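The primary structure of each chain is shown beneath.
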Amino acid sequence: MKILLTGATGYIGKRLLPQLVRMGHQVVCCVRDQNRFEPPSSLTEHISVVEVDFLKEETLANIPKDIDAAYYLIHSMSGADDFSEMEKKSAQHFRKSLEGSKVQQVIYLGGIINNEVLSKHLLSRKVVEDELRKGDYHFTALRAGIIIGSGSASFEIIRDLVEKLPLMIAPRWLKTRCQPIAIRDVMSFLSKSLFQESAYDSHFDIGGPDVLTYKEMLLGYAQNRELNRHIWTVPVMTPKLSSYWLFFVTSTSYKLASALVDSMTVEVICQPNPLAKNLQIAPLNYQQSLDAAFTKIESNEVISSWKDSLISGRFENNLSEYIKIPTHGCFVDQRKTPIVDEEKVLNRIWAIGGSTGWYYGNRLWKIRGFMDKMVGGVGLRRGRTHPGTIHSGDSVDFWRVLYAKREDKRLLLYAEMKVPGDAWLEFKIEDSCLIQTATFRPKGIWGRLYWYSVYPFHGPIFGGMLRKLADTSSS
């Protein structure tokens, strides 16, 4: 069967794609920017790629009409005032794109929406679900609450809070109840619902067997990791203050923190339904979900992470718009050095950032990251998803990967820190020579003042980093 997979570069889509291929399907991957899509080579003969932006009606023609089923995995956690209208419009355009096709079923992953009073984001999920249900096909809506898995936003926030804070003075929404579900169970529900008549034309809440407060989830994590933690809840934290609390303590962006706090004030508990029994799925409990997440982390098998989504930083456009580095009106700091072992140097370049660090002046990099965080930037806390592999679209601390091709011996990064301009950092190897180039395109007088203020640090920092990357004698 031919399956349309929207959101193929997202946290869920990246994990669902190999499952659909293993099930024997041909998958049409629907992405906004092909430069962000780098599937494993083992999947390429079973997939095709179309570039579609569902907010731009003129791109809908790229979707083929011979698809048999489709997954709608497009969500926005944006803090923009019009995000709800954007999500509704996107769903309407998706439904329109399937008109005249032979699609039998559409599967949507949304949020649990059983309360009468909903957060703005959960209400938007409900609106999207209602729009998709109007199509001329069998519709299946899966509604999930907190997803626990390596790389999920919820799991990473819990991890940051518990690992970093022995004592927590926390907002009162920590007493809100929810029903977490393991990411592997979400994948099972998504894949096993495909072409299952018992899942047609209805919605189903999916969750694990445990109903917990957020406080119980934090303490349960501490128990799993054998950490002694104490939490006190106070009624004085406003949603805005709570969002800042999450933003400064965890690796989340402020936009995502605001969206999560907005939703965490609402209980998300599953209504009983027979879907798990019909699909023969026995969901993991909370502690088993944590164990499964750490198994993936410890074996470096994290397939996807929320940190690589564009909402984790300030990137709003397609990567392709920034891959060509400008020259007019730019400041450039280029350094070169001969190298002996190209492969070892490439290994070092491909491991840069995250737990590896920046090879020279790591304390200064951390200070720069802290300064960025204090003015509302992403800081260094995102790290990177995998210590040794890197793809276009990935985040690396406060950089976004624009281009990463080992065969071309080139890595290009774009700065997502808050600066008065645009900044690129490029590493490439040509003729046994490592070339490191920092480019800055200033915006106005403040951009020029910024460049001249940091330029005295370029010599020791960039020069030292270049020498460390080229020196493979200790590798």
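Residues numbered from 1 in each chain as written. Predicted model: local features only at pLDDT ≥ 70, side-chain atom pairs only at ≥ 80, totals over all residues. Heavy atoms only, no water.

Undergrad: Explain the pattern of salt bridges to me, please; I cannot follow it from the model alone.
TA: Between side chains of opposite charge, a pair can form when the charged atoms approach closely. By the definition in use, this model includes 23 salt bridges. Of the charged contacts in the structure, one is a salt bridge between E343 and R406, with a shortest N-O distance of 2.6 Å. In this pair, E343 is assigned in helix α12 (residues 342–350) and R406 in the loop between β16 (399–405) and β17 (410–415), connecting sequence segments 63 residues apart. Looking at R406, the relative accessible area reads 27%, which means it is partly exposed. What emerges from the salt-bridge pattern is a single network uniting K126, E129, D130, R133 and R143. (Salt bridge = Lys/Arg side-chain N within 4 Å of Asp/Glu carboxyl O. Helix = DSSP H or I, 4+ residues; strand = E, 2+ residues; numbered from the N terminus. Buried < 20%, exposed > 50% of the residue type's maximum accessible area, 1.4 Å probe, protein only.)

Undergrad: How should I be thinking about the sheet that holds strand β4 (residues 69–72) in this particular structure?
TA: If you walk across this open sheet you meet the seven strands as β3-β2-β1-β4-β5-β6-β11, and the pairing is parallel. The outermost strands of the open sheet, each flanked by one partner alone, are β3 (47–51) and β11 (202–206). Neighbour-to-neighbour, the strand axes of the sheet open up by a mean angle of 20°, direction not taken into account. Relative to β3, strand β2 (residues 26–31) runs parallel, the two being bridged by five bridges. (Pairing = 2+ DSSP bridges. Axes fitted to C-alpha atoms, helices over the stretch in contact; angles between N-to-C directions.)

Undergrad: In this structure, what is going on with the environment of G145? I would like to understand it.
TA: Tracing the sequence through the fold places G145 in the loop between β6 (138–144) and β7 (147–148). For the pair G145 and S188, spaced 43 residues apart in sequence, the C-alpha to C-alpha distance is 15 Å.

Undergrad: Is there a simple way to explain the nonpolar core in this structure?
TA: Taken as a class, soluble globular proteins show a tendency for nonpolar side chains to be buried jointly. Core analysis: the biggest nonpolar cluster contains 42 residues, and Y214 and M217 have the highest contact counts within it. Only α4 (153–164), β8 (167–171), α6 (214–224), α7 (239–249), α8 (254–264) and α10 (286–298) provide two or more residues apiece to this core. The biggest single contributor to this core is α4, with six residues. Filtering out sequence-adjacent residues up to four positions away, Y214 remains in contact with I146, W173, L174, T176, C178, M264 and V268. Y359, L380, V401 and F427 belong to the second largest nonpolar core, which has 38 residues in total. (Core = buried A, V, L, I, M, F, W, Y, C linked by side-chain atoms within 4.5 Å. Contact = heavy atoms within 4.5 Å.)

Undergrad: I would appreciate a short explanation of the sheet that holds strand β15 (residues 395–396) in the present structure.
TA: Each strand in a sheet pairs with another by means of backbone hydrogen bonds, the pair being arranged parallel or else antiparallel. Strand order in the open sheet formed by six strands is β14-β19-β18-β17-β16-β15, with antiparallel pairing between adjacent strands. The sheet is open, and its two borders are formed by β14 (331–338) and β15, each paired with just one other strand. Relative to β17, β16 runs antiparallel, the two being bridged by six bridges. From the neighbouring strand, V401 faces β17, where its bridge partner is L413. Along the sheet, α12 contacts β16, β17, β18 (421–430) and β19 (433–442); its crossing angle with β18, the most-contacted strand, is approximately 155°.

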